[in-house]
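Descriptive analysis of the structure
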Number of protein chains: 2
Amino acid sequence: MNSVGGYDIEDIKPGLSVSAGRTISEADIVMFAGVSGDVNAVHLNEEYAKTTAFGGRIAHGMLTAGHISAVIANKLPGPGTIYLGQTLRFKAPVRAGDTVVTTITVRETVPEKRRAILDTVCTVAGKVVIEGEATVMTTSSKA
Amino acid sequence: MNSVGGYDIEDIKPGLSVSAGRTISEADIVMFAGVSGDVNAVHLNEEYAKTTAFGGRIAHGMLTAGHISAVIANKLPGPGTIYLGQTLRFKAPVRAGDTVVTTITVRETVPEKRRAILDTVCTVAGKVVIEGEATVMTTSSKA
């Protein structure tokens, strides 16, 4: 552990995994529209959204992706992590009321660069809604 | 244009580009911490953040990335777009008060699949803070 409660690069090994769940609320969608500026009607207008292939309002993909950022920053590697990159494949819609479970799994580490590649998956009721990978830099116990 | 004001796939060609600017506020950072759950001290605790390599609080990378979602959803291809994927490389920090300019440029289109690949770049004062690419599906004038 580093001084702020996160993992040093020497602490994490491929296969180490953490999950956290969070229910997406209508308030989250409204606030994300505000902070992002993404006011697409499919997120905010139920009557329009009903006419689309989604059949109703959906959450912003980047809002659900924010949960990945959270689990990385809060848990694995946790405080002290610097986020270098993320890939996201949006596989299925998320709606208000859905509980998103985000799982971060260490795929590989490059200790000499203090870097790790993490598999990042979000599911709703067991179905993948986002998959991708994160690249992070963390602290070293040798620094 | 489609019926909701976005571009059909037949309307967009490689090189077509739009930009939009937005100033990141302290309120955006606080609200993004709430909706994402990413409460990393580097975003919320100025005294701690001053001790890090960043020298002060920074915005969440995924908050700035939300601007990419917004310009795609609002402008290019605009309403009617389905977001399929995004890659993000976080190149430099963004702070409250910074004005982020997000530029979306069509790299290629696959009309028969109604898909487009977009280059997505966010800059602050001309310096790249996020770069990556988006994959989207949009409407067709032939549908």
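In this text the structure is predicted, and so the values were computed from the model without any measurement.

Nonpolar side chains collect at one region of the surface, where Val 30, Val 39 and Leu 44 of chain A lie side by side and expose about 250 Å² of accessible area between them. Among the structural elements, Val 39 of chain A can be located in the loop between α1 (26-36) and α2 (41-44).

Glancing now at the interface of chain B and chain A. Taken residue by residue, the interface counts 35 residues in chain B and 35 residues in chain A. Between chain B and chain A, a total of about 2,900 Å² is buried, with carbon and sulfur atoms accounting for 60% of that surface. When the buried surface of chain B facing chain A is broken down by residue, Val 35, Met 62 and Phe 90 of chain B rank first, second and third, together holding 22% of it. Our count for the contact surface shared by chain B and chain A stands at 0 salt bridges. Across the contact surface, chain B and chain A share 10 residue pairs in polar contact (both at pLDDT 80 or more). Taken together, the elements giving at least two residues each to the side of chain B that touches chain A come down to α1 (26-36), α4 (61-74) and β2 (82-90) of chain B. Classifying every residue of the side of chain B that touches chain A by side-chain character gives 18 nonpolar, 13 polar and 4 charged. Here strand β2 (residues 82-90) of chain A runs beside β2 of chain B; their pairing, made up of 5 bridges, is antiparallel. Paired with Arg 89 of chain A across the strands is Gly 85 of chain B, a residue of β2 of chain B.

Once that is clear, we can look at the pattern of salt bridges. Residues and elements named next belong to chain A. In total, this model carries 14 salt bridges over all chains according to the counting rule given. Close ionic contact of Glu 26 with Arg 57 constitutes a salt bridge, the shortest N to O distance being 2.6 Å. Of this pair, Glu 26 sits in helix α1 while Arg 57 sits in the loop between α3 (46-49) and α4 (61-74); the two residues are 31 residues apart in sequence, bridging distant segments of the chain. Classification of Glu 26 by relative accessible area gives partly exposed; the value is 44%.

Residue and element names in this part refer to chain B. Here Thr 102 shows up in strand β3 (residues 99-110). With a relative accessible area of 1%, Thr 102 lands in the buried category. Through-space distance from the C-alpha of Thr 102 to that of Ile 24 is 12 Å; in sequence the pair is 78 residues apart. Dropping the residues within four chain positions of it, Thr 102 is found in contact with Val 18, Ser 19, Ala 20, His 67, Ile 68, Val 71, Val 121 and Cys 122.

Bringing the relation of the copies chain B and chain A into the picture now. When chain B is fitted to chain A, the residual RMSD is 0.0 Å, and the transformation amounts to a turn of 180° plus an axial shift of 0.0 Å. Those values place the two copies in the arrangement expected of a two-fold rotation axis. Judged by C-alpha distance, Thr 87 of chain B is the residue of chain B that lies nearest the rotation axis, at 2.1 Å. A symmetric contact is evident, with 100% of the interface residues of chain B recurring at the interface of chain A.

Between α1 of chain A and α1 of chain B, whose axes approach to 10 Å, the crossing angle comes to 150°. When the interaxial angle is binned, α1 of chain A and α1 of chain B end up roughly antiparallel. Our pair here, α1 of chain A against α1 of chain B, has a crossing hand that is left-handed. Along the contact surface, α1 of chain A presents Asp 28, Met 31, Phe 32 and Val 35 of chain A, while α1 of chain B presents Asp 28, Met 31, Phe 32 and Val 35 of chain B. For the contact of α1 of chain A with α1 of chain B, the class distribution of residues is 6 nonpolar, no polar and 2 charged.

Spatially, 10 strands are ordered β1(A)-β3(A)-β4(A)-β5(A)-β2(A)-β2(B)-β5(B)-β4(B)-β3(B)-β1(B) in an open sheet, and the strand pairing comes out antiparallel. Each edge of the open sheet is held by one strand with a lone partner, namely β1 (17-23) of chain A together with β1 (17-23) of chain B. The sheet shows a mean angle of 20° between the axes of neighbouring strands, direction not considered. Sitting on the sheet, α4 of chain B is in contact with β2 of chain A together with β1, β2, β3, β4 (115-124) and β5 (127-137) of chain B, with an inclination near 140° to β2 of chain B.

What counts as what
- Residues numbered from 1 in each chain as written.
- Chains lettered and ligands numbered in written order.
- Predicted model: local features only at pLDDT ≥ 70, side-chain atom pairs only at ≥ 80, totals over all residues.
- Heavy atoms only, no water.
- Patch = residues over 30% accessible without salt bridge, like charges linked within 9 Å, V, L, I, M, F, W, Y side chains within 5 Å.
- Areas by Shrake-Rupley, 256 points an atom, 1.4 Å probe, with all protein chains shown as cover.
- Salt bridge = Lys/Arg side-chain N within 4 Å of Asp/Glu carboxyl O.
- Helix = DSSP H or I, 4+ residues; strand = E, 2+ residues; numbered from the N terminus.
- Contact = heavy atoms within 4.5 Å.
- Buried area = accessible area lost by both parts, 1.4 Å probe.
- Polar contact = N/O pair within 3.5 Å; in protein donor to acceptor, adjacent residues only side chain to side chain.
- Nonpolar A, V, L, I, M, F, W, Y, C, P; charged D, E, K, R; others polar.
- Pairing = 2+ DSSP bridges.
- Buried < 20%, exposed > 50% of the residue type's maximum accessible area, 1.4 Å probe, protein only.
- Least-squares fit on C-alpha atoms with pLDDT ≥ 70 in both.
- Axes fitted to C-alpha atoms, helices over the stretch in contact; angles between N-to-C directions.
- Parallel < 35°, antiparallel > 145°, perpendicular 65-115°, else oblique.
- Left-handed = near helix turned anticlockwise from the far one by under 90°.

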